Amino acid sequence: MVTEFEKLHTFSESEQLAKYNELNKLVNSADFVQKRKEIESLQYKSSEEYLKEKEFLTLQKAKDIVLYFKTIAGNDLKKFKDLDGSDKIKEFEALEKFIQSSEFKVKEKMKPITFKDSDEFKKLVEYKSLKSDPEIKSFLKSKEKEETKKSKAVLRYEELGIFIKSSEFIAKQNMKPITFKDSERI
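As the structure is a computational prediction, the values presented were derived from the model and not from experiment.

Honestly, the overall build of the protein in this entry has me stumped. Any pointers?
Helices and strands together make up the secondary structure of the protein, namely 12 helices and 0 strands. Reading the helices (α) and strands (β) of the protein from amino to carboxyl end gives α-α-α-α-α-α-α-α-α-α-α-α. Computed over its C-alpha atoms, the radius of gyration of the protein comes to 52 Å, more than 25% above the 16 Å expected for a compact globule of 186 residues. When the backbone C-alpha atoms are referred to their principal axes, the protein occupies close to 175 × 30 × 20 Å. Here the protein holds 186 residues, and 12% of them are scored as buried. For the protein, the share of sequence-separated contacts (at least 6 apart) that also reach a separation of at least 24 residues comes to 55%. Entry remark: accessible area of the protein is about 16800 Å², with carbon and sulfur atoms responsible for 57%. Each charge sign in the protein was given a centre, from 40 positive and 36 negative side chains, and these centres are 11 Å apart.

This is how it looks when you write it as structure tokens:
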């Protein structure tokens, strides 16, 4: 019996019994019992964390957010940043501004320009008209015989005659029609 008493006395001073008594006091305390009831009543689906996780998962699938992350992870954003403010973009913006201008819109709607639309053609018509003018015919006949005083019409006729025989006039006369597509700014 003494050995049992000694064993009991030794055990009563052991760490194991001290730990048990400490935990027993804690587990049976009113605060612990209350905390246990609170924890047991909690459910993840009704918690604030669950609601935030659900919102996050919904947002994760949103088109704007998917596009955002795809863009910042891809090469498109890098290309955009590289081009932003570059000479190529400045040239594009200048051309875009020109294309949207009223001057461009007028030229875009223009009819093809042919030799008949040129000032040179008008001079040719005037020359032919003067050539059939009785005063000019009379002058040309008398010129063969002798030198006479030249009227304004005769002087204009001679001026136009020189002009329509020039290489510039002949090149213009033989030109192909110019359309909007052939204009300088395109």
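Just checking my understanding: could you explain the nonpolar core for this structure?
Most often, soluble globular proteins have nonpolar side chains that are buried together. Counting residues in hydrophobic clusters, the biggest one holds 11 residues: Phe-115, Leu-124, Tyr-127, Leu-130, Ile-136, Phe-139, Val-154, Tyr-157, Leu-160, Ile-164 and Phe-169. Top element by residues in this core is helix α11 (residues 152-164). It accounts for 4 residues.

What am I meant to see in the environment of Ile-164 here?
One can find Ile-164 in helix α11. Distance in space between the C-alpha atoms of Ile-164 and Tyr-127 is 8.5 Å, their sequence separation being 37 residues.

Explain the pattern of salt bridges here, please?
When charged atoms on two side chains of opposite charge get close, those side chains can pair. If you walk through the whole model with that rule in mind, you get 5 salt bridges. A salt bridge links Arg-36 to Glu-40; its shortest N-O distance comes to 2.9 Å. With Arg-36 and Glu-40 both in helix α3 (residues 30-41) and 4 residues apart, this pair spans about one turn of that helix. The partner of Arg-156 in a salt bridge is Glu-159, with the nearest N and O atoms 2.9 Å apart. Here Arg-156 and its partner Glu-159 are both found in helix α11, 3 residues apart, which amounts to about one turn of the helix.

Is there a simple way to explain a nonpolar patch on the surface in this structure?
Taken together, the side chains of Leu-23, Leu-26, Val-27 and Phe-32 define a hydrophobic patch exposed on the protein surface, amounting to about 310 Å² of accessible area. By residue number, the principal contributor to the nonpolar patch is helix α2 (residues 15-27), which donates 3 residues. Looking at the secondary structure, you find Leu-23 in helix α2.

Even after reading the chapter, I still don't get the confidence of the model for the protein, so can you show me in this structure?
Fine structural detail should not be taken from predicted coordinates in areas where pLDDT scores are low. Looking at the protein as a whole, its pLDDT mean stands at 80, while 92% of the residues score no less than 70. Looking over the protein, one finds the lowest element-wise mean pLDDT in helix α10 (residues 134-145), namely 72, and the highest in α2, namely 89.

Sorry, what's going on with the packing of aromatic side chains here?
Each aromatic ring pair is specified by the distance between its two centres and by the angle formed by the two planes. Summed over all chains, the structure comprises 3 aromatic pairs. Aromatic side chains Tyr-127 and Tyr-157 sit 4.8 Å apart centroid to centroid with 5° between the ring planes, which places their arrangement in the stacked category. Residue Tyr-127 is found in helix α9 (residues 119-131), and its partner Tyr-157 is found in helix α11; the two are separated by 30 residues along the sequence. Owing to a relative accessible area of 8%, Tyr-157 belongs among the buried residues under this scheme. Where Phe-163 meets Phe-169, the ring centres are 5.4 Å apart and the plane angle is 65°; that geometry is what we call edge-to-face. Taking relative accessible area as the criterion, Phe-163 reaches 25% and is therefore assigned partly exposed.

Criteria and cut-off values
- In this convention, every chain numbers its residues from 1, walking through the sequence in written order.
- Only residues with pLDDT of at least 70 are given local features in this predicted model, and only at 80 or more are side-chain atom pairs given and counted; all residues enter the totals for whole chains, interfaces and linings.
- Excluded from the side-chain calculation are hydrogens and water; included are all heavy atoms of the structure.
- Helix and strand labels come from DSSP, where a helix needs a run of H or I of at least four residues and a strand needs a run of E of at least two; each type is numbered from the N terminus.
- Taken over C-alpha atoms, the radius of gyration is set against a globule rule of 2.2 Å times the number of residues to the power 0.38.
- Between buried and exposed lies partly exposed: a residue is buried under 20% and exposed over 50% of the maximum accessible area for its type, with that area taken using a 1.4 Å probe on protein chains only.
- Contacts between residues were defined by any pair of non-hydrogen atoms, one from each residue, lying within 4.5 Å.
- Residue burial considers only the protein chains on display, and all accessible areas are found by Shrake-Rupley using a 1.4 Å probe.
- For the purpose of counting charges, residues Lys and Arg are taken to be positive, whereas Asp and Glu are taken to be negative. His and the chain ends are not included.
- The atoms used to mark charge sites are NZ of Lys, CZ of Arg, CG of Asp and CD of Glu.
- Residues belong to a common nonpolar core when they are buried Ala, Val, Leu, Ile, Met, Phe, Trp, Tyr or Cys residues joined through side-chain atoms within 4.5 Å.
- Whenever Lys or Arg places a side-chain nitrogen within 4 Å of a carboxyl oxygen from Asp or Glu, that contact is recorded as a salt bridge.
- Like-charged residues within 9 Å of one another, or nonpolar side chains (Val, Leu, Ile, Met, Phe, Trp, Tyr) within 5 Å, are grouped into patches, provided each residue has over 30% relative accessible area and no salt bridge.
- How sure the predictor is of each residue is captured by pLDDT, a score from 0 to 100.
- The pairing test for Phe, Tyr and Trp rings, Trp by its six-membered ring, is centres within 6.5 Å, and the orientation test on the planes gives stacked under 30 degrees, edge-to-face over 60, and tilted for anything in between.

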